[in-house]
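This is what each chain is made of:
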Amino acid sequence: MFLFILKRLVQIVPVILGVTLVVFLIMQMVPGDPAVIMAGEGASKETINELREDLGLNRPLHEQYLSYIGNVFQGDLGNSLKNNQPVMDEIMVRLPITMELAFFSIMITIVLGLIAGIISAVRPYSFSDISVMVVALIGISLPSFWLGLLLMYVFSVKLQWLPVAGWDSTAHIILPAITLGAGGAAIVARMTRSSMLEVVGQDYIRTAKAKGLKGHVIIYKHALRNALIPVITVVGLQFGSLLGGTVLVESVFAINGIGRMIVDSIRTRDIPMVQGGVLVASLVFVFVNLLVDVMYRVFNKRIDLN
Amino acid sequence: MTINSAEVESVNLILARKKLRREKWKTFFSSIGKNKAAVVGGVIILLYISLTFLAPILAPYDPYEINLQDKLQSPSLAHWMGTDDKGRDILSRILYGSRLSLGVGFSSVAFGAFFGIVLGLIAGYYGKWVDTIISRCLDVMLAFPGILLALAIISALGPSLINVTIAVGVFSIPLFARIVRGSTMEVKKLEYIDAIRTLGANDFIIIFRHILPNILSPIIVQGSLRLATAILSAAGLSFLGLGAQPPSPEWGAMLSSGRDFIFSAPYMAIFPGLMIAILVLGFNLFGDGLRDALDPRSKK
Amino acid sequence: MEKEVVLEVKNLKTHFISNKGTAKAVDGIDFVLRKGETLGIVGESGCGKSMTSLSILRLIPSPPGKIVDGQVLLKGQDLVKMSDEELRKIRGNRISMIFQEPMTSLNPVIPVGEQIAEALRLHQGLSKKQAWDRSVEMIGLVGIPSPEKRAKQEPFQLSGGMRQRIMIAMALACTPEVLIADEPTTALDVTIQAQILEIMKDLQKKIGMGIIFITHDLGVVAEMCDQVGVMYAGQIVEHQEAKNLFNNPLHPYTQGLIGSLPKLYEDQEELQIIEGTVPSPYDYPEGCRFAERCPFAQDICIQKQPNLIQFDENSKVRCWKYSDEWQDSLAKEVVAP
């Protein structure tokens, strides 16, 4: 197991480097001179040139890239073009917020999805099954930002049960987490259902019945444990969509997380902020995937032998 | 001029092959036709496509015409979906917006599919270091969560609907590439490929005339499902102000302006979102149905 | 002095209803199983023998399948009419079943010791520790070395032969009165096969249960079974003591089966086969179902279905040849020009 983790860590190094390279290159493509933007209106040519030297913008590309990586590993993601504050500081403030949102959302995805999927699978083709599956299908088709707006309208505006936006209390988390988690829940529900249906047709379930085990024991102890294995992978992938989705949901609910930071920075062309935000989000995702892989191995020890 | 028996033989062979191909298409379409989800989804998609063509005929007003005195009206007989904050008829804007959403959807997926399929075929067929390099690149692309890759690209290219198309297209590439790579590697192992190679076919022919037709079903299924996601992503990016710019009647952009008026005129946001949701539902249904119809393991 | 009857099956009929029609997989099966005895049920694939065994414990997949008639009496109690709750208490406890594919019949993610122990906790109310200890004991009993270590392992860590032994341990843990073995050795190597059969015979002597042994392999029948029922097209066509079956097969089908066995001590040019194919369970003929392939078939065979009649004290056969009407039918033949 330890060896496996080590091996995977080695494997993701090129991926991480690749991500930094892509981020770096894309940012190079942004038109406009960062020095000009930073210097502000009416700055003199000398000031701009000085800034260019300071920022190292006159050096060849690969040198810039190497120093960029060097900085990244030291935790220096550059400074915001808007206010010259370190990007890292801003990210450190916002990252916990986004992570909190992501955590609650993935909880909703997993819990809601599993429950719905199991209800469906236990009585296939029944009314509850079909209605759950229809709702799930609608769930994956809804634009998250639209769902967010609708929920906001119903619960905050009309019913006034929940606050409209912001991030101050527990109540603030509810609507954004539901909005972000709903799509994933639908996918997990569908996946759980199909996995359970496949497992229930297996020989070992027939053996369990032949032993006289009670119905709920067969489902929860024998079937579910096997059915959940592929669902783990799905949840891992869903986390990625979730992280991407924070961009939209944070904008709808005016939450100061990384997603919103990236979007706002794109609008103001604050390249280091965009770079930093995308980089950090991607790295989080890469490590979460590694975690999911390890968990998958724990549940599915058979792979060890291959 | 006499026709010799060899020529008759080859003509017969060609005719037989054509007949076989026609029958394959017939069974393909009939199995789709039997699947309810695929049919419903297909109908929805066709309805939307017809909207793109019929928009000029069906729209009661000019989607760009500003009439400030009529602004923010609730749905009524004069304006079935109400008017927005600049007095424009929402229904007309929705009808014209269908062109944008479908256009972006199809173009971005076509773009992604093209490059994805080519990369996947090459990686799957040649294997070894070619595969390793391509797979690593795909891994990097997939390491970006959700639409962040598209966001990064837009930040470089600037906000516009065309750039959204490119960005969503690029972010579709790895999905097609993965699937095609997997299928190609499976088909490559079949003995019939070896047989053709011994007959002297070169790589190009093998890939395009023999492997590709065999892996079409997962590509088509994935294409439909991907269209669903692409339309959602494109609308999302426009919603964030990074895609279609006002006064464009693109649905995501309409939602964005609708958001400011959620308290007073919720219908401004409800209708565009509804249109997106139903279209995406159509593609999801179609893709699901297609997958069930074409998958030999299907138990239904 | 006859041994006690443990299980009696009367006129069991299990049909499968689908849009293709009704498949009469089990169509009127009768047999009796006595204590300590092994009853073999032989037949080719599709004759309904597996379905018969699944019907006894009502394990038939229930949307298409249904037990439409008959009784399955376990010491007098009818399993067909029993409630689900009652039946659950019998499964794995008084009647156990082992299946053909040991590779897929054990849960891949649960240690094998636990799979045995859970039945013990459920049916015999043992505590966790008691059940585990007994489970380890059973694993040793079926001839697996280092049972404490093996009990903690998962099925993929065991070979096919070992897995089948675990299945047997699991089935016998609660000392059932009846063991139904559905082709337990078909998927195993011949040498392992012999070991498994040994274990089964051994444990049968110790526990005294009746075994219903389903197989298509006449060699296994010869080794394991006291009584044999031959099944064809959903019905039992012959029922005899095993030792007599090989010397004196009654039904033309059985004669064909035994005739088709290659014989070591005779020179054979070709293997004997039975011409024709089994009729479809959706569409059985009016008369005898074997008539089409039978070298002795007469008009009466094609017109009317024969009943299972007692041939002598220990055998039954379903064939017009052994009935009174046969002589008349032959006579008719001679008379007509």
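Procedures and definitions
Residues numbered from 1 in each chain as written. Chains lettered and ligands numbered in written order. Predicted model: local features only at pLDDT ≥ 70, side-chain atom pairs only at ≥ 80, totals over all residues. Helix = DSSP H or I, 4+ residues; strand = E, 2+ residues; numbered from the N terminus. Buried ≥ 20, exposed ≤ 12 C-beta atoms within 10 Å, placed from the backbone. Contact = placed C-beta atoms within 7 Å. Nonpolar A, V, L, I, M, F, W, Y, C, P; charged D, E, K, R; others polar. Pairing = 2+ DSSP bridges. Axes fitted to C-alpha atoms, helices over the stretch in contact; angles between N-to-C directions. Parallel < 35°, antiparallel > 145°, perpendicular 65-115°, else oblique. Left-handed = near helix turned anticlockwise from the far one by under 90°.

1. Things to note about the overall build of chain A
So, step 1. Helices and strands together make up the secondary structure of chain A, namely 12 helices and 0 strands.
So, step 2. The linear arrangement of helices and strands in chain A, starting from the amino end, is α-α-α-α-α-α-α-α-α-α-α-α.
So, step 3. Projected onto its principal axes, the C-alpha coordinates of chain A cover approximately 85 × 55 × 30 Å.
So, step 4. Looking at chain A residue by residue over its 306 residues, the buried ones come to 40%.
So, step 5. By sequence separation, contacts in chain A at least 24 residues apart represent 72% of the contacts at least 6 residues apart.

2. Re the interface of chain A and chain C
So, step 1. Chain A puts 15 residues into the contact, and the matching count from chain C is 22 residues.
So, step 2. Of all the elements in the fold, those that place two or more residues in the side of chain A that touches chain C are α9 (203-210) and α10 (215-252) of chain A.
So, step 3. Ranked by the residues each element gives to the side of chain A that touches chain C, the list is headed by α9(A), at 6 residues.
So, step 4. Residues of the side of chain A that touches chain C, tallied by class, amount to 3 nonpolar, 5 polar and 7 charged.

3. Here we look at the pairing of strand β9 (residues 227-232) of chain C
Side-chain positions along a regular strand alternate between the two faces of the sheet.
Residue and element names in this part refer to chain C.
So, step 1. Counting buried residues in β9 gives 6 out of 6 residues, a clear majority hidden from the surface.
So, step 2. Here β9 shows two buried faces, one formed by Gln227, Gly229 and Met231 and the other by Val228, Val230 and Tyr232.
So, step 3. Taken together, the 4 bridges between strand β3 (residues 38-42) and β9 define a ladder with parallel strand orientation. Residue pairing in the sheet places Gly40 in a bridge with Val228 of β9.
So, step 4. Here β9 runs beside strand β10 (residues 235-241); their pairing, made up of 6 bridges, is antiparallel.

4. What to know about the interface of chain A and chain B
So, step 1. Each partner contributes residues to the interface: chain A has 40 residues there, and chain B has 35 residues.
So, step 2. For the side of chain A that touches chain B, the elements supplying multiple residues, two or more each, are α1 (2-28), α6 (127-141), α7 (144-158), α10, α11 (258-267) and α12 (271-299) of chain A.
So, step 3. A per-class count over the side of chain A that touches chain B returns 31 nonpolar, 8 polar and 1 charged.

5. Topic: the packing of α7(A) against α10(A)
All names here are of chain A.
So, step 1. It is the contact of α7 with α10, at a shortest axis distance of 9 Å, that shows an interaxial angle of 30 degrees. Regarding the angle of α7 to α10, the classification is roughly parallel. For the pair α7 and α10, the sense of crossing is right-handed. Residues Ser144, Phe145, Gly148 and Leu149 of α7 touch α10, and the partners they reach there are Gly245, Leu248, Val249 and Val252.
So, step 2. The class makeup of the residues in the contact of α7 with α10 is 5 nonpolar, 3 polar and no charged.

What is shown is where atoms sit, not what they do.
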